[in-house]
Amino acid sequence: MLQRLGGGILDALLPPTCLTCEEPVGAQGGQCPACFGGLAFVTAPLCDRCGVPFPHGGAGIPHLEALWCQACITAPPAFAQARAALRYDAGAKALILPFKHRDRTELAAPLARHMARAGAELLRRADLLVPVPLHRWRLFRRRHNQAALLAARLSRLSGVPHAPTLLRRRRATQPLGELGARAREAVLEGAFGLAPGGAARLHGRRVLLVDDVLTSGATADACARVLLAGGAAEVMVLAAARVPDPRIERAA
């Protein structure tokens, strides 16, 4: 009752507006129909391993009958499965970029709700949520780790405990966007490690790695290798958004 009363007072003082365009909406933390309609949710068909969506029903994609993309068939990642809530397009960027770069930390809540729906199966299997870490200098500049905020929200929604400092980024790395697979692997070599005592907490547990955007999967793969080497039984990945593989888009 007190929570409803507090919400009513807040709505009276600050009428709820859309998270992305500031049009009036019915409740705090929501989006207007136009902005919500602009979100492209990741749905089947998709690669069962890395979660990359297949375009146009998967037409023209080799090995679709195995439900794995060609990249996962050629070089399977260390993580068992990855899923994402949204395609990383204009609609997703309207939520993620302000959250990531403009201190709009309140956007963690709606993004986590989308992630909880997309990753419901992974959350049921997980014993521990671990965010992808930021290097300390980037954390100092940004003032928050967006993956850690998402993991904390997902923990509240699912009841799965989270370990925000278990995984550490030992050194800063350059952006990976223009690099090939081997170059990405070289850049990330040794970039991540466990906090002291981390192996004891990991032993035999199924870990769900949390991030805001999954691009090539190289960062998630490097983190998964560290977690598995530290004793995790399995590593899965859940992201707010997924960048479609341009090779698959061209193949279609």
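Chemist: A description of the packing of helix α5 (residues 108–118) against helix α8 (residues 146–158) should follow, citing residues and the corresponding values.
Modeler: Where α5 contacts α8, the axes come no closer than 9 Å and their chain directions differ by 60°. Compared by their axis directions, α5 and α8 come out oblique. Crossing of α5 against α8: the hand is right-handed. Taken together, the residues of α8 that come into contact with α5 (itself represented by Ala 108, Ala 109, Leu 111, Ala 112, Arg 113, Met 115 and Ala 116) are Leu 149, Leu 150, Arg 153, Leu 154 and Leu 157. A breakdown of the residues in the contact of α5 with α8 according to their chemical character gives ten nonpolar, no polar and two charged.

Chemist: Just give me the short version of the pairing of strand β1 (residues 81–87), but keep the residues and values in it.
Modeler: For β1, the tally of buried residues reaches six of seven residues, placing the bulk of the element in the interior. Sheet topology note: the β1/strand β6 (residues 234–242) ladder contains six bridges and is parallel. Following the sheet pairing, Gln 81 is matched in β6 by Met 236.

Calculation rules
Residues numbered from 1 in each chain as written. Predicted model: local features only at pLDDT ≥ 70, side-chain atom pairs only at ≥ 80, totals over all residues. Heavy atoms only, no water. Axes fitted to C-alpha atoms, helices over the stretch in contact; angles between N-to-C directions. Helix = DSSP H or I, 4+ residues; strand = E, 2+ residues; numbered from the N terminus. Parallel < 35°, antiparallel > 145°, perpendicular 65-115°, else oblique. Left-handed = near helix turned anticlockwise from the far one by under 90°. Contact = heavy atoms within 4.5 Å. Nonpolar A, V, L, I, M, F, W, Y, C, P; charged D, E, K, R; others polar. Buried < 20%, exposed > 50% of the residue type's maximum accessible area, 1.4 Å probe, protein only. Pairing = 2+ DSSP bridges.

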